[in-house]
Amino acid sequence: MARVLIVGAGLTGSLCAALLRKETPRPVHLTVWEEAGDSGGRMATARSPCNPQSTVDLGAQYITRTPHYAKKHQSFYDELLAHGILKPLTSPIEGMVMKEGDCNFVAPQGLSSIVKHYLKESGAEVSFRHRVTQINLRNDKWEVSEERGSPERFDIVVLTMPVPQILQLRGDIANLISECQRQQLESVRYSSRYALGLFYEAGTKIDVPWAGQYITSNPCTRFISIDNKKRNIESSEVGPSLVVHTTVPFAVTYLEHSTEDVQELIYQQLESILPGLPQPVVTKCQKWRYSQVISAPANSRGQLTLHREPFLVCGGDGFTQSNFDGCVSSALCVLEALKNQI
């Protein structure tokens, strides 16, 4: 039985695992390593330590399905809708730009529930706080090292973390990447953002006429969402939650500052936009150093195969585009590349 390691428990990594379980002709042993403490990647959903039922999406806010992908990826949307993981976005989002035929969806349990669904479907052995540091070639297998444990050997490795983290890996992989491949990887560019999640006591009222609002006139704030309202979740037992996404220029300016200092700056700007906002009971500030892909490699076709025997392939939105369909496209391309190897 081939041992397959998928690095990254975001959307692409989790869907790769689910597709490999479902589509490969022979059984495989699937392992997923994630450096964070939970799955989701940039579809992260944070929970209030005071009440786990109170959640906030710190990454992606909703999913936009275009007419093209409504056909191309219909089975993926149908599955998530049938399970109640996705539901149409019906709450008002001020400043949202809608194109003809587009449809927007939210996840009632938070967008990380999509990733958790795929991981469950995969049956993979998932380990958190596993940060890969080295990949070496040992007797026609990949020996993969992470920060804390002993190295493990795999027949196939799939890398789905942000591309700059692939380039930081040490070991034989650094020498096995060709100059052409390195240029392709180095051509990937990301924007950066901060997100600030705020959790409130049950019964707190945030009196605004919208569930989300795009801000165009503030140097710090780009988007605000009353997250429970966005997902149509109202409860007398669970307090509201709010998330703020910063502008890219703000994030670039403060990228290396302490999270505590940045959080204070974001909150000051939020209060200027929403005067009289109640005091939250808990806050969670998230730095997205690699937020959205602004340039992908030319002709990457959704994946980049770095080595064939043994097989090592890169996937993720760095090789497509930063949205749900970009990740699905990449996962399908990775699956196609792997089919002949398993």
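All of these numbers come straight from a predicted model, not from anything done at the bench.

**Quick notes on the nonpolar core**
Most often, soluble globular proteins keep nonpolar side chains buried together rather than apart. Judged by nonpolar contacts, the single largest core of 42 residues is most densely connected at Val 4, Ile 114, Tyr 118 and Phe 324. Those elements giving two or more residues to this core turn out to be strand 1 (2-7), helix 1 (11-23), strand 2 (28-34), helix 3 (74-82), helix 4 (112-122), strand 13 (156-159), strand 22 (311-315) and helix 11 (324-339). With 8 residues, helix 11 is the largest single contributor of residues to this core. Residue contacts for Ile 114: discarding those within four places in its chain leaves Leu 11, Met 43, Ile 63, Leu 80, Ile 85, Leu 86 and Phe 324. Val 7, Ile 173, Val 188 and Phe 319 belong to the second largest nonpolar core, which has 26 residues in total.

**Focus on the environment of Gly 318**
Position of Gly 318 relative to the elements: it lies in the loop between strand 22 and helix 11. For Gly 318, a relative accessible area of 3% puts it in the buried group. Along the sequence, Gly 318 and Leu 176 sit 142 residues apart, while their C-alpha atoms lie 20 Å from each other. Those residues in contact with Gly 318, other than ones at most four positions away along the chain, are Val 163, Val 188, Tyr 190, Val 293, Ala 296 and Pro 297.

**Side note on the UniProt feature "domain: Amine oxidase" (unreviewed entry) in the chain**
The UniProt record annotates "domain: Amine oxidase" (unreviewed entry) at residues 99-331. For residues 99-331, the helix share is 26%, the strand share is 31%, and the end-to-end C-alpha distance is 26 Å.

**Observations regarding the packing of aromatic side chains**
All told, the structure shown has 7 aromatic pairs when counted by the stated rule. Consider the rings of Tyr 77 and Phe 105, whose centres lie 5.9 Å apart with planes at 35 degrees: the pair is tilted. Pair noted here: Tyr 77 is in helix 3 and Phe 105 is in strand 8 (residues 103-106), with a separation of 28 residues, a long-range link. Ring centres of Phe 250 and Tyr 254 lie 4.8 Å apart, and the angle between their planes is 40 degrees; on these two criteria the pair is classed as tilted. Using a relative accessible area of 24% as the deciding quantity, one classes Tyr 254 as partly exposed. Joined through ring pairs, the aromatic side chains of Tyr 77, Phe 105 and Phe 324 make up one cluster.

Rules behind the numbers
- Counting of residues starts from 1 at the beginning of each chain's written sequence and follows it residue by residue.
- Local features in this predicted model are restricted to residues whose pLDDT is 70 or higher, and side-chain atom pairs enter the listing and the counts only when it is 80 or higher, whereas totals over whole chains, interfaces and linings include all residues.
- Excluded from the side-chain calculation are hydrogens and water; included are all heavy atoms of the structure.
- Buried residues of nine kinds, namely Ala, Val, Leu, Ile, Met, Phe, Trp, Tyr and Cys, make up a nonpolar core once their side-chain atoms join them within 4.5 Å.
- Throughout, exposure labels follow a simple rule: accessible area from a 1.4 Å probe, protein chains only, divided by the maximum for the residue type, with under 20% read as buried, over 50% as exposed, and the rest as partly exposed.
- Numbered from the N terminus, helices here are DSSP runs of H or I no shorter than four residues, and strands are runs of E no shorter than two.
- Whether two residues touch is decided by their heavy atoms; if any such pair falls within 4.5 Å, the residues are in contact.
- UniProt positions are given in the numbering used here, feature names are shortened, and annotations may be inferred rather than shown by experiment.
- Here a Phe, Tyr or Trp ring, Trp counted by its six-membered ring, pairs with any other such ring whose centre lies within 6.5 Å, and the pair is stacked when the planes are under 30 degrees apart, edge-to-face when over 60, and tilted otherwise.

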